[in-house]
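For reference, the chains in residue letters:
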Amino acid sequence: MRKVFGIGETVLDIIFKDDQPIGAVPGGSVFNSIISLGRSGVNASFISETGNDRVGRRIIGFLEANGVDASCVYVYPDSKSPISLAFLNERNDAEYIFYKDHPSDRIEFVTPEVNKDDIVLFGSYYAVNPVIRPQVHGFLEHARSRGAILYYDVNYRASHKNEVVKLTPNILENLEMADVVRGSTEDFDVMFHKTDADAIYRSQIAFYTRKFILTQGAQPVELRAEGGFKKQYPVAPLPTGEGQGVGPVSTIGAGDNFNAGFVYGMLRHNITRDDIEHGLTEQQWDGLISSAQQFSANACQSLDNYVSLQFAAERKTELCNALGE
């Protein structure tokens, strides 16, 4: 079976509503995606770091309990695990405060075996952080040389707005290595002061990579690709969730699970490195975006950062049937 590798941060997300804590779940942008993929029967592995404490042990145990290989998660012996405070507003969108104990450490891991048509998911500040850039960039280059498909979620938060100029070379390097790029209007507003899909694609993306997805919360998903192909995908209203009425219970994992659904769709529809290089058909794009939106919508219906176990079980059966297993 093809493998999916995620490389990113781990945190414990403590969730607040009306300034009161209402939950605490293991999180991290790529971490959330990988948990959903592991639950859905994907052969998934996570590359990261954590502290030598109760939170770190919970994070590693949570990965393993959800079918994700955690052997490449490095545990710093003398550090505490990162914590994130997520404050939900009236629309259940989150504002974050991050706390990290080991800003000067270096990630350490043994490079896993990567093969042609495997998929690497990377993004967020972790993918541009100068402290660990050599290790992250080295792994991405290795994966690309082995024929893997690289999916980049920009996920650039306003808390790092004052670092944009310093980090732009790393951002551009990621765009150049990536086969598919996804970002939100918030990301590109922070980085380049642009929110229009055509303007972003033309001025910031197309020179580096031709496959670009712009998500806009409840507004339609915008797709741009080679040959001038463009399409808009409406976002369906969310069903009733946990007594909250119509709408999201939490949007913390919305983008992360969009990524998970897209990656799942590449496996489910057998999208290979050759397909990526030759250009995807409209039918293939439709299937991938549909899968991404299904994962995202499901994750928004609870306080968890990932798809539900029931939804994942259905996807697991679907994937096994598609792969003839």
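Residues numbered from 1 in each chain as written. Predicted model: local features only at pLDDT ≥ 70, side-chain atom pairs only at ≥ 80, totals over all residues. Heavy atoms only, no water.

(A) Examining the overall build of the protein chain more closely. What the protein chain contains, in helices and strands, is 10 helices and 13 strands. Here the C-alpha radius of gyration of the protein chain, 18 Å, is about what a compact globule of 325 residues would show, namely 20 Å. Considering only C-alpha atoms, the protein chain reaches an extent of 50 × 45 × 45 Å along its principal axes. Per-residue burial for the protein chain yields a buried fraction of 55% across its 325 residues. Across the protein chain, contacts joining residues at least 24 apart in sequence account for 72% of those joining residues at least 6 apart. Averaged over its 30 positive side-chain charges, the protein chain has a centre that lies 2 Å from the centre of its 42 negative ones. (Helix = DSSP H or I, 4+ residues; strand = E, 2+ residues; numbered from the N terminus. Rg over C-alpha atoms; globule rule 2.2 N^0.38 Å. Buried < 20%, exposed > 50% of the residue type's maximum accessible area, 1.4 Å probe, protein only. Contact = heavy atoms within 4.5 Å. Lys, Arg positive; Asp, Glu negative; His and termini not counted. Charge placed at Lys NZ, Arg CZ, Asp CG, Glu CD.)

(B) Representation of the packing of helix 1 (residues 29-39) against helix 2 (residues 54-65). Where helix 1 meets helix 2, the axes come as close as 9 Å, and the angle between the chain directions of the two elements is 35 degrees. Contact residues: Phe31, Ile35 and Arg39 in helix 1; Ile59, Phe62 and Leu63 in helix 2. Grouping the constituent residues of the contact of helix 1 with helix 2 by class yields 5 nonpolar, no polar and 1 charged. (Axes fitted to C-alpha atoms, helices over the stretch in contact; angles between N-to-C directions. Nonpolar A, V, L, I, M, F, W, Y, C, P; charged D, E, K, R; others polar.)

(C) Representation of the packing of aromatic side chains in the model. Overall, the coordinates contain 17 aromatic pairs when judged by the stated rule. For the pair Phe31 and Phe46, a centre-to-centre distance of 5.7 Å together with 75 degrees between the ring planes defines the contact as edge-to-face. Here the residue Phe31 occupies a position in helix 1, and Phe46 occupies one in strand 4 (residues 43-51), the gap between them amounting to 15 residues. By the burial criterion, Phe31 is buried, and Phe46 matches it. With centroids separated by 5.5 Å and ring planes inclined at 85 degrees, the aromatic side chains of Phe188 and Phe212 adopt a geometry described as edge-to-face. Here Phe188 is found in helix 5 (residues 185-192), whereas its partner Phe212 is found in strand 11 (residues 212-216), with 24 residues between them in sequence. Three or more aromatic residues link up through ring pairs in this structure, and these residues are Phe31, Phe46, Phe62 and Tyr306. Taking the ring centre of Tyr96 as reference, the NZ or CZ of Arg157 above it sits at 4.4 Å. For the cation-ring pair, Arg315 lies above Phe311, with the distance from its terminal atom to the ring centre recorded as 4.4 Å. (Phe/Tyr/Trp six-rings, centres within 6.5 Å; stacked < 30°, edge-to-face > 60°. Lys NZ or Arg CZ within 6 Å of the ring centre and 35° of its normal.)

(D) Here's a closer look at helix 3 (residues 133-145). With 13 residues, helix 3 ought to run about 18 Å at 1.5 Å a step, and its terminal C-alpha atoms sit 18 Å apart, in line with that. Lining the buried residues of helix 3 we find strand 1 (3-7), strand 4, strand 8 (119-123), strand 9 (149-153) and helix 4 (164-177). Directly after helix 3, the chain includes Gly147, whose backbone phi takes a positive value near 90 degrees. (Expected span 1.5 Å × (residues − 1).)

(E) Representation of the environment of Pro134 within the structure. Its location among the elements puts Pro134 in helix 3. For Pro134, a relative accessible area of 58% translates into the label exposed. For Pro134 and Ile107, which are 27 residues apart along the polypeptide, the C-alpha to C-alpha distance reads 9.7 Å.

(F) Spotlight on unusual backbone geometry. The phi dihedral of Asp19 is positive, around 65 degrees, even though this residue is not glycine. Along the chain, the position of Asp19 falls in the loop between strand 2 (11-17) and strand 3 (20-27). We note that Ser124 has phi near 65 degrees; this positive angle belongs to a residue other than glycine. Judged by its relative accessible area of 7%, Ser124 is buried.

(G) Fine view of the pattern of salt bridges. According to the stated counting rule, one finds 17 salt bridges in the structure shown. Across the salt bridge formed by Asp117 and Lys116, the nearest N and O atoms sit 3.7 Å from each other. A cluster of three or more residues bridged by salt bridges with shared partners is formed by Arg144, Asp179, Arg273 and Glu277. (Salt bridge = Lys/Arg side-chain N within 4 Å of Asp/Glu carboxyl O.)

(H) Representation of the sheet that holds strand 2. Spatially, the 4 strands line up as an open sheet ordered 3-2-6-7, and their pairing is mixed. Since the sheet does not close on itself, it has two edges, and those belong to strand 3 and strand 7 (94-99), each with one partner. Strand after strand, the sheet turns through a mean of 20 degrees between neighbouring axes, direction not considered. Pairing of strand 2 with strand 6 (residues 83-88), which is carried by 6 bridges, proceeds in the parallel orientation. (Pairing = 2+ DSSP bridges.)

(I) Region of the structure containing the sheet that holds strand 5 (residues 68-76). Read across the sheet, 9 strands follow the order 5-4-1-8-9-10-11-12-13 without closing on themselves; strand pairing throughout is mixed. Strands with a single pairing partner mark the edges of an open sheet, and in this sheet they are strand 5 and strand 13 (230-233). Going across the sheet, the axis of each strand differs from the next one's by a mean of 15 degrees, ignoring polarity. Pairing geometry for strand 1 and strand 4, over 5 bridges, is parallel. Looking across to strand 4, one finds that Val4 is bridged to Ala44. This element, helix 2, spans strand 4 and strand 5 of the sheet and lies at about 165 degrees to strand 5. Sheet strands in contact with helix 5 are strand 10 (180-184) and strand 11, and its direction is about 85 degrees off that of strand 10.

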